[in-house]
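# Descriptive analysis of the structure
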Amino acid sequence: MVDIDWSSLGFNYLPTKAHIEYKYSNGKWGKGELKTDPHISLHIAACPLHYGQALFEGLKAYRCKDGKVRVFRDIENSKRLNDTANHISCPELPYEIFKEAVDTTIKENIDYIPPYGTGGTLYIRPFMFGTGAVMGVNPADEYVFIVYVAPVGPYYKGGITPIDAIIFDDYDRTAPHGTGSYKIAGNYAAGMYPAAKAKKMGYPIVLFLDSKE
């Protein structure tokens, strides 16, 4: 068993045993490979480093009262991942591979799932990015899909309670007909500066309203 104080978990990265990696080349996905080294190597001209061709999902595994481990609606995360992939010209990932990746990674890290009643869960992060080198603004020709996990507590340490938020009218996170409905890495980078500004002002979150109006 792992030595973790389950009652003090925050929403932070904690190393686990392994993650799984699939590579896409020549128009097809390869077989998954479990890896223990949490580092990856990228070409200096890899597409996501310059043009942001990267996407991710987030879901959780729960250790339930009957002792079983369950994942909530993974098929919906798979659908949303493919919606995002299509929007930024990444290859679709079959649900069978998505489910295999999630299930295999959970089983490999079963000791890191917080016990029932502690309030903790196993956060699951599937993500995909282009690895092929590009110079102009074009999609990559090779990709990697990875799933890693980490035991976490609540995203907000105080639980579900009312909080103050601030609205900035001089920042937009997205725009009509843009990428706001997709889980693209760059969407989150766009909100980091106003989020940091809000926290300095004493507000934990920013509300981004309709940028058109």
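See above for the structure.
Predicted model only: the values in this text are computed from it and were never measured. The numbers attached to residues start from 1 for each chain and follow its sequence in the written order. Given that this is a predicted model, residues contribute local features only at a pLDDT of at least 70 and side-chain atom pairs are listed and counted only at 80 or more, while totals for whole chains, interfaces and linings are drawn from all residues. To obtain the side-chain values, all non-hydrogen atoms of the structure were used and water was disregarded.

The numbering of helices and of strands both runs from the N terminus, where a helix is a DSSP run of H or I of at least 4 residues and a strand a run of E of at least 2. A tally of regular secondary structure across the protein chain gives 5 helices and 10 strands. Atoms counted for the radius of gyration: C-alpha only. Globule rule: 2.2 Å times residue count to the power 0.38. Computed over its C-alpha atoms, the radius of gyration of the protein chain comes to 19 Å, within 12% of the 17 Å expected for a compact globule of 213 residues. Along the three orthogonal principal directions, the C-alpha set of the protein chain runs to about 50 × 50 × 30 Å. Each residue gets one of three labels from its accessible area relative to the maximum for its type: buried under 20%, exposed over 50%, partly exposed in between, using a 1.4 Å probe on protein chains only. For the protein chain, the proportion of its 213 residues judged to be buried stands at 36%. The protein chains shown are the only cover counted for residues, whose accessible areas, like all others here, come from Shrake-Rupley with a 1.4 Å probe. With an accessible surface of roughly 13,000 Å², the protein chain has 54% of that area assigned to carbon and sulfur atoms.

What follows is about the nonpolar core. Ranked by size, the top nonpolar core spans 30 residues in total, and within it Trp29, Leu93, Ile124, Met128 and Phe145 carry the most contacts. Only β1 (19-25), β5 (59-63), α2 (74-87), α3 (95-108), β7 (121-130) and β8 (143-152) provide two or more residues apiece to this core. If one sorts the elements of this core by residue count, α3 sits on top with 5 residues. When residues no more than four places from it in sequence are discounted, the contact partners of methionine 128 are Trp29, Gln53, Ala54, Leu55, Leu81, Cys90, Pro91, Leu93, Val144 and Phe145. Listed in part, the 6 residues of the second largest apolar core include Ala54, Phe127, Phe129 and Val144. As used here, the term nonpolar core means buried Ala, Val, Leu, Ile, Met, Phe, Trp, Tyr and Cys residues forming a set that is joined through side-chain atoms within 4.5 Å. Contacts are residue-level and defined by heavy atoms, with any inter-residue pair within 4.5 Å sufficient.

Here we take up the pattern of salt bridges. Here, a salt bridge means any Lys or Arg side-chain nitrogen found within 4 Å of an Asp or Glu carboxyl oxygen. Tallied over the entire structure, the rule returns 6 salt bridges. Close ionic contact of glutamate 21 with lysine 35 constitutes a salt bridge, the shortest N to O distance being 3.3 Å. Remark: lysine 35 occurs in strand β3 (residues 33-35) and glutamate 21 occurs in strand β1; sequence separation between them is 14 residues. A residue is classified by how much of its surface remains accessible, and glutamate 21, at 10% relative accessible area, is buried. Of the charged contacts, one joins glutamate 76 and lysine 79 as a salt bridge, the two residues approaching to 3.7 Å between their closest N and O atoms. Of this pair, glutamate 76 and lysine 79 both sit in helix α2, 3 residues apart, which is roughly one turn of that helix.

Let us look at the pairing of β1. Looking along a regular strand, one sees side chains alternate from face to face of the sheet. The buried fraction of β1 amounts to 5 of the 7 residues, a majority that puts the element mostly inside the structure. The sheet contact formed by β1 and β3 spans 3 bridges and is antiparallel. Across the sheet, histidine 19 pairs through a bridge with lysine 35, a residue of β3. In short, DSSP must find at least two bridges between two strands for them to pair. Pairing of β1 with β8, which is carried by 5 bridges, proceeds in the antiparallel orientation. The partner of isoleucine 20 across the bridge, within β8, is valine 147. As paired strands, β1 and strand β2 (residues 28-29) are joined by 2 bridges and run antiparallel to one another. Bridging across to β2, tyrosine 24 finds its partner in tryptophan 29.

All right, on to the packing of aromatic side chains then. Only Phe, Tyr and Trp rings are paired, with Trp represented by its six-membered ring, and only when their centres lie within 6.5 Å; those with planes under 30 degrees apart are stacked, over 60 edge-to-face, the remainder tilted. Using the criterion set out here, one finds 13 aromatic pairs in the structure. Taken together, a centroid distance of 6.1 Å and an interplanar angle of 45 degrees make the contact between tyrosine 22 and phenylalanine 145 tilted. In this pair, tyrosine 22 is assigned in strand β1 and phenylalanine 145 in strand β8, connecting sequence segments 123 residues apart. The exposure classification of tyrosine 22 matches that of phenylalanine 145, with both residues buried. Through a chain of ring-to-ring contacts, three or more aromatic side chains come together here, namely Tyr22, Tyr24, Trp29, Phe98, Tyr143 and Phe145. The residue whose ring lies beneath arginine 173 is tyrosine 188, and the NZ or CZ to ring-centre distance is 5.1 Å. Criterion for a charge above a ring: Lys NZ or Arg CZ within 6 Å of the ring centre, and within 35 degrees of the ring normal. Here the basic side chain of lysine 197 rests over the ring of phenylalanine 168, its NZ or CZ set 5.2 Å away from the ring centre.

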